[in-house]
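Spelled out from the first residue to the last, the chains are:
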Amino acid sequence: MSSDKSSEPERWSGLEEIAQHLGVSKDTVRAWIKKNSIPHYKIGRQYKFKKSEVDSWVESGQSANVDKGN
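Residues numbered from 1 in each chain as written. Predicted model: local features only at pLDDT ≥ 70, side-chain atom pairs only at ≥ 80, totals over all residues. Heavy atoms only, no water.

Description of the overall build of the protein
And step 1. Within the protein, the secondary structure is distributed over three helices and two strands.
And step 2. Within the protein, buried positions represent 20% of all 70 residues. (Helix = DSSP H or I, 4+ residues; strand = E, 2+ residues; numbered from the N terminus. Buried < 20%, exposed > 50% of the residue type's maximum accessible area, 1.4 Å probe, protein only.)

Some details on the packing of helix α1 (residues 15–22) against helix α2 (residues 26–34)
And step 1. Packing of α1 against α2 brings their axes to within 9 Å, and their N-to-C directions diverge by 105 degrees. On the basis of the axis angle, α1 is roughly perpendicular to α2. Judged by residue contacts, Leu15, Glu16, Ile18, Ala19 and Leu22 of α1 engage Lys26, Val29, Arg30, Trp32 and Ile33 from α2.
And step 2. Grouping the amino acids of the contact of α1 with α2 by side-chain chemistry returns seven nonpolar, no polar and three charged. (Axes fitted to C-alpha atoms, helices over the stretch in contact; angles between N-to-C directions. Parallel < 35°, antiparallel > 145°, perpendicular 65-115°, else oblique. Contact = heavy atoms within 4.5 Å. Nonpolar A, V, L, I, M, F, W, Y, C, P; charged D, E, K, R; others polar.)

Here we look at the environment of glycine 14
And step 1. Here glycine 14 is to be found in the segment before α1.
And step 2. Separated by 33 residues in sequence, glycine 14 and tyrosine 47 place their C-alpha atoms 6.4 Å apart.

Focus: α2
And step 1. Taken residue by residue, α2 has Val29, Trp32 and Ile33 as its buried positions. Across the axial projection of α2, the buried residues extend over an arc of 105 degrees, all falling on one side. Turned more than 90 degrees from where α2 packs its buried face, Asp27 and Lys34 sit exposed.
And step 2. For α2, the secondary structure elements touched by its buried residues are α1, β2 (46–48) and α3 (51–59).
And step 3. Asparagine 36 sits one or two positions beyond α2 and adopts a positive phi of about 55 degrees. (Arc of directions from axis to C-beta.)

Structure below.
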């Protein structure tokens with residue numbers, strides 16, 4: 001029986017982890033959150049992310065439009 005990781009639920013990533021994943025500062029991620037452009041969830045006072053959603057956001061090209069005043 002092989003272990004199939006796709007059947008496991010995706011774990012949540014914090015602000016620092018997602019900033020490292022994208023190679024940007026935490027302040028940059030916070031600015032994207034403020035503009036409501038990066039896919040995120042607020043749980044209590046913390047922001048949480050799913051890497052698959054953030055990766056899809058980057059791959060879709062939407063991340064390129066963040067600083068254009070949208």
